[in-house]
Amino acid sequence: MVVNANILVVIEIESPLLIRCVSPDLEDEYYPEAEIITNTSNQKLLLLTYLPHENQTLETWLQTEHTLEESLLITSQICQLFRYLHQRQWCIINIMPQFMQIGKPIEFFDLTSAYPVGENLNSGLMGNYCAPELAYCKYPIQETMSSYTVAALLYHIIHHQNLPNDPTIEIQINPIPHLYQILKICLSPIPEERFTLEQLLKILVSTRQEISTPDINWEIASLSTVGLSINRLQNEDNYGIKQQKNSNQETIILGAIADGMGGMSQGELASKLAIQTILETPIPPTNQTKEQYQEWLKSLFIQANETVSNQVKEGGTTLSVIFAISQQLIISHVGDSRIYLLRQGEIKQLSQDHSLVAILLASGQITADEISTHPDRNVLTKSIGGKRRLSDDYVQDLRQTTSELTMKLINQDIILLCSDGVWDLVSQTELAENFTNQSNLQTAVNVTINQVLERGAFDNATLLALRCLVSYF
């Protein structure tokens, strides 16, 4: 039956009903309304509508690469529809991706493969997503045929190809935990071994939830040197790291660096006290909001400032802290030590320099090249211990450099914390090259500190590197 080039017949029905043809070329046709009796097996519904947009079809979607989470989302949505229809005694036993539109919600434009539960086919049925027993007319329509169809689609998404046409060929499934078991069970040639649609939907949803909360681990490397200056016989830099792993999906890391100042042992004591404050304060429960965590970090800076002010005469320190819960990064910072993010070869400074030369640079009075030789390059505008009370905006967070309070980390992101003894002599470009060219994190740190020493190392130099490792299994 040819209706119109823009129209698709979805399902047919023999009893009278209202048919609406959504097309500018056809008028609405009205038939007497009648109750549809669902227990009569030879009755089917006729719907007429536009064809889906070609660039939005499942067929087009299948031609591109997708994450496991996206793959499971689409598959579970389709499984949910199949379960809904089965609860009303219908089973979809095949799909045509060119007649399915991806969106919210997913739209089906072809339900010709929907059959009443228990119906016997008059002829064998074969297709890319059909259960193998449908090739014969021996089995009535049942739920696990729909489970097979869902699994066949998931197989296509994961393997970028349809199942083999020859049922005697063993199906080769990629060894992906969870997905391997789902496909192995639902693609079984024995219908009784497959999951029901209810079971399959629960497993798809739970697997997606597990994948969406990946396992986070951190690789850490560090090195600190007193440098080569005859005027700096003590290392006034201090740093530390604190990790807490509540589960595979919830890892907390706290990293801090402090560059003391004040001469004699005052700078060393100031930076030591600041780092101790950061590391020895218990981390609050993990059900906090990002705003609460930021306030907690700010309170640590206030506490560190009070401690340094009370115990160090004529001394102070910079303080830079990174705090990450799973993939969410928060920072707090005072002074001119720096926090960098290195992502896929590109480096970005997340901290601000609280220094006189930074103000001169921002106002256009000097250039970036003049910072390292400016006579006032070591003059800070903010420090811990420099004043008794910190104003509300004294501590910098991510909003000053990224506009957001938190940043989502991705696999292989590297966070660098360094004192000015490092970035004074090694440029951002060189830092990016060092950590991009060296796969070993500690080797990259060593290479950087060696560059500092080769270029005079007129200050203490400390570099702390943390690489975020995100895995889903």
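Since the structure is predicted, the reported quantities are computational estimates derived from the model, not experimental observations.

Draft legend 1. Region of interest: the packing of helix H2 (residues 68-87) against helix H3 (residues 143-159). Two elements in contact, H2 and H3, have axes whose closest approach is 10 Å; the angle formed by their N-to-C orientations is 165 degrees. Of the possible angle classes, the one that applies to H2 and H3 is roughly antiparallel. As H2 runs across H3, the sense of the crossing is right-handed. Seen from H2, the contacting residues are Leu-68, Ser-71, Leu-72, Thr-75, Ile-78, Cys-79, Phe-82 and His-86; seen from H3, they are Glu-143, Ser-146, Thr-149, Val-150, Leu-153, Leu-154, Ile-157 and Ile-158. Here the residues of the contact of H2 with H3 are counted per class, giving 10 nonpolar, five polar and one charged.

Draft legend 2. Region of the structure containing unusual backbone geometry. Each neighbour pair has its own omega, and for Lys-104 with Pro-105 the value is 5 degrees, a cis peptide bond. For Pro-105, the location among the structural elements is in the loop between strand E4 (100-101) and strand E5 (107-108). Positive phi values are uncommon outside glycine, yet Ser-326 reaches one of about 55 degrees. As for its placement among the helices and strands, Ser-326 is situated in the loop between strand E11 (319-325) and strand E12 (328-334). For Ser-326, a relative accessible area of 17% puts it in the buried group. A positive phi angle, close to 75 degrees, is found at Gln-412, a residue other than glycine. Examined against the element boundaries, Gln-412 turns out to sit in the loop between strand E15 (407-408) and strand E16 (414-418). Residue class for Gln-412 comes out partly exposed when judged on its relative accessible area of 39%.

Draft legend 3. Expanded view of the packing of aromatic side chains. For the structure on display, the rule yields three aromatic pairs. Measuring from ring centre to ring centre gives 5.3 Å for Tyr-293 and Phe-323, while their planes differ by 50 degrees; the resulting arrangement is tilted. Placement of Tyr-293 in helix H7 (residues 290-311) and of Phe-323 in strand E11 is noted, with a sequence separation of 30 residues between them. Three or more aromatic residues link up through ring pairs in this structure, and these residues are Tyr-293, Trp-296 and Phe-323. Over the aromatic face of Tyr-84 sits the side chain of Arg-88, whose NZ or CZ is 3.7 Å from the ring centroid. Across the ring face of Trp-423, the terminal group of Arg-338 is positioned such that the distance to the ring centre comes to 3.5 Å.

Draft legend 4. Main features of the side chain of Ser-320. Here Ser-320 shows up in strand E11. A relative accessible area of 0% places Ser-320 in the buried class. A polar atom in the side chain of Ser-320 sits 2.7 Å from the side chain of His-333. Other than its neighbours up to four places away in sequence, Ser-320 contacts Gly-255, Ala-256, Ile-257, Ser-332, His-333, Ser-337, Arg-338, Ile-339 and Leu-417.

Draft legend 5. Quick peek at the packing of H2 against helix H5 (residues 197-212). The geometry of H2 relative to H5 is characterised by a closest axis approach of 9 Å and an angle of 160 degrees between their N-to-C directions. Between H2 and H5, the crossing angle belongs to the class labelled roughly antiparallel. The handedness of the crossing between H2 and H5 is left-handed. For the pair formed by H2 and H5, the contact residues are Leu-68, Glu-69, Leu-72, Leu-73, Thr-75, Ser-76, Cys-79, Gln-80, Phe-82, Arg-83, His-86 and Gln-87 on the first element and Leu-197, Glu-198, Leu-200, Leu-201, Leu-204, Val-205, Thr-207, Arg-208, Ile-211 and Ser-212 on the second.

Draft legend 6. Region of the structure containing helix H12 (residues 441-454). The first and last C-alpha atoms of H12 sit 20 Å apart over 14 residues, in line with the 20 Å expected at 1.5 Å per residue. What H12 keeps buried is the set Leu-441, Ala-444, Val-445, Thr-448, Ile-449, Gln-451 and Val-452. Projected down its long axis, H12 shows its buried positions confined to an angular sector of 150 degrees, all on one face. Packed against the buried residues of H12 are strand E7 (215-225), E16, helix H10 (420-423), helix H11 (428-437) and strand E17 (461-471). You can read the cap of H12 off the contacts: a side-chain oxygen lies 3.0 Å from the backbone nitrogen of Gln-442, and it is on Asn-440. Gly-456, located one to two residues past H12, shows a positive phi value of around 115 degrees.

Draft legend 7. View of empty space enclosed by the protein. Here the structure, examined in full by the defined rule, presents two cavities of 30 Å³ or more. There is about 50 Å³ of room inside the largest cavity. Lining of the largest cavity is provided by Ile-92, Asn-94, Ile-95, Met-96, Phe-99, Met-100, Phe-108, Asp-110, Leu-111, Thr-112, Ser-113 and Ala-114. Residues of the lining of the largest cavity, tallied by class, amount to eight nonpolar, three polar and one charged. In this structure, the second largest cavity occupies an estimated 30 Å³ of space. In terms of lining residues, the second largest cavity is bounded by Asp-336, Val-357, Ile-371, Arg-377, Asn-378, Asp-420, Trp-423 and Asp-424.

Draft legend 8. Quick peek at the pairing of strand E9 (residues 250-261). The buried fraction of E9 amounts to 10 of the 12 residues, a majority that puts the element mostly inside the structure. Judged from the six bridges that link them, E9 and E11 form a sheet pairing that is antiparallel. Looking at E11, one finds that Leu-254 is bridged to Phe-323.

The rules behind these values
- Residues numbered from 1 in each chain as written.
- Predicted model: local features only at pLDDT ≥ 70, side-chain atom pairs only at ≥ 80, totals over all residues.
- Heavy atoms only, no water.
- Axes fitted to C-alpha atoms, helices over the stretch in contact; angles between N-to-C directions.
- Helix = DSSP H or I, 4+ residues; strand = E, 2+ residues; numbered from the N terminus.
- Parallel < 35°, antiparallel > 145°, perpendicular 65-115°, else oblique.
- Left-handed = near helix turned anticlockwise from the far one by under 90°.
- Contact = heavy atoms within 4.5 Å.
- Nonpolar A, V, L, I, M, F, W, Y, C, P; charged D, E, K, R; others polar.
- Buried < 20%, exposed > 50% of the residue type's maximum accessible area, 1.4 Å probe, protein only.
- Phe/Tyr/Trp six-rings, centres within 6.5 Å; stacked < 30°, edge-to-face > 60°.
- Lys NZ or Arg CZ within 6 Å of the ring centre and 35° of its normal.
- Polar contact = N/O pair within 3.5 Å; in protein donor to acceptor, adjacent residues only side chain to side chain.
- Expected span 1.5 Å × (residues − 1).
- Arc of directions from axis to C-beta.
- 1 Å grid on protein atoms, 1.4 Å probe; cavity = no way out; pocket = protein on both sides within 12 Å on 5 of 7 lines; lining within 4 Å.
- Points joined across faces, edges and corners; volume = space filled by probe spheres on them.
- Pairing = 2+ DSSP bridges.

Just geometry here; none of it tells us what the structure is for.
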